[in-house]
Amino acid sequence: MYERILYPTDFSDEAVKAVDYIKELKGAGAQEVVILHVIDRRGLNDLSRFAKKDFAGILVDMEQKARGEIRPIEEELKGVGLKVKVRVEKGGPCDEILRVADEEKVSVIIAGSHGKSNIDSMLLGSVSYKLVKRVNIPILVVKK
Ligand code: ATP
Ligand code: MN
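**Things to note about the overall build of the protein chain**
Okay, step 1: On a plain count of helices and strands, the protein chain comes out with five helices and five strands.
Okay, step 2: Ordering the α and β elements of the protein chain from the N terminus gives β-α-β-α-α-β-α-β-α-β.
Okay, step 3: Radius of gyration (C-alpha) of the protein chain: 15 Å, near the 15 Å computed for a compact globule of 144 residues.
Okay, step 4: Taken along the three principal axes of its C-alpha coordinates, the protein chain extends 50 × 35 × 25 Å.
Okay, step 5: Put simply, the protein chain has 144 residues, and 42% of those count as buried.
Okay, step 6: Across the protein chain, the fraction of contacts at a sequence separation of at least 24, relative to all contacts at a separation of at least 6, is 77%.
Okay, step 7: Computed over 25 positive and 23 negative side-chain charges, the separation of the two mean positions in the protein chain equals 3 Å.

**Re the pattern of salt bridges**
Okay, step 1: Enumeration according to the criterion identifies 18 salt bridges in this entry.
Okay, step 2: Residues R87 and E103 are paired through a salt bridge, measuring 2.8 Å at the closest nitrogen-oxygen approach. On the criterion of sequence distance, the pair formed by R87 in strand β3 (residues 83-91) and E103 in helix α4 (residues 93-103) is long-range, its members being 16 residues apart.
Okay, step 3: R87 sits in the buried class, given a relative accessible area of 12%.

**Topic: the environment of V132**
Okay, step 1: Along the chain, the position of V132 falls in helix α5 (residues 126-134).
Okay, step 2: It is 9.9 Å that separates the C-alpha atoms of V132 and I109, two residues lying 23 residues apart in sequence.

**Re the packing of α4 against α5**
Okay, step 1: Contact geometry of α4 with α5 gives a least axis separation of 9 Å together with a crossing angle of 45°. With respect to their mutual orientation, α4 and α5 come out oblique. At the point where α4 passes α5, the crossing takes the right-handed sense. Across from P93, C94, D95, I97 and L98 in α4, the residues of α5 making contact are V127, K130, L131 and R134.
Okay, step 2: Grouping the constituent residues of the contact of α4 with α5 by class yields six nonpolar, no polar and three charged.

Parameters and conventions
- Residues numbered from 1 in each chain as written.
- Chains lettered and ligands numbered in written order.
- Predicted model: local features only at pLDDT ≥ 70, side-chain atom pairs only at ≥ 80, totals over all residues.
- Heavy atoms only, no water.
- Helix = DSSP H or I, 4+ residues; strand = E, 2+ residues; numbered from the N terminus.
- Rg over C-alpha atoms; globule rule 2.2 N^0.38 Å.
- Buried < 20%, exposed > 50% of the residue type's maximum accessible area, 1.4 Å probe, protein only.
- Contact = heavy atoms within 4.5 Å.
- Lys, Arg positive; Asp, Glu negative; His and termini not counted.
- Charge placed at Lys NZ, Arg CZ, Asp CG, Glu CD.
- Salt bridge = Lys/Arg side-chain N within 4 Å of Asp/Glu carboxyl O.
- Axes fitted to C-alpha atoms, helices over the stretch in contact; angles between N-to-C directions.
- Parallel < 35°, antiparallel > 145°, perpendicular 65-115°, else oblique.
- Left-handed = near helix turned anticlockwise from the far one by under 90°.
- Nonpolar A, V, L, I, M, F, W, Y, C, P; charged D, E, K, R; others polar.

The values are spatial; any link to function lies outside them.
And the structure:
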């Protein structure tokens, strides 16, 4: 039921909270975790307008930075005996999360209820809201 987990993260405190729940699922049969960060297309569009010249370089930097932020999470999950695969994609976070979930044939998605914006008055952030609405496999949304 929990063999392959997709863990999408924006590196927010709320997403970090989900890691403890993933580790616990090792005991429930979890084998592999796909850690996914999506470089948000919305931010990229703004960036391309201001930074035409160095845009490609900035993208490479962003991807490297994301991989750097993923590394300690990867080590933490490997520490409890889980296999880890890392993916960094560019696009709309919800679309990419659903696409990767399908491509990687995961059995469950584990995400935070909020992310970097973290607006208290919202029950869910827009990414987690759309995910819950559109996903057709089980999803565990860790509340803050
Ligand atoms: P909003 O983005 O709507 O302003 P928010 O940032 O508070 O609100 P979400 O973006 O919905 O909340 O984040 C909820 C969860 O979705 C995060 O904890 C994380 O698991 C996942 N997530 C959000 N953005 C990304 C991303 N760019 N890449 C991977 N996972 C993401
Ligand atoms: Mn967000």
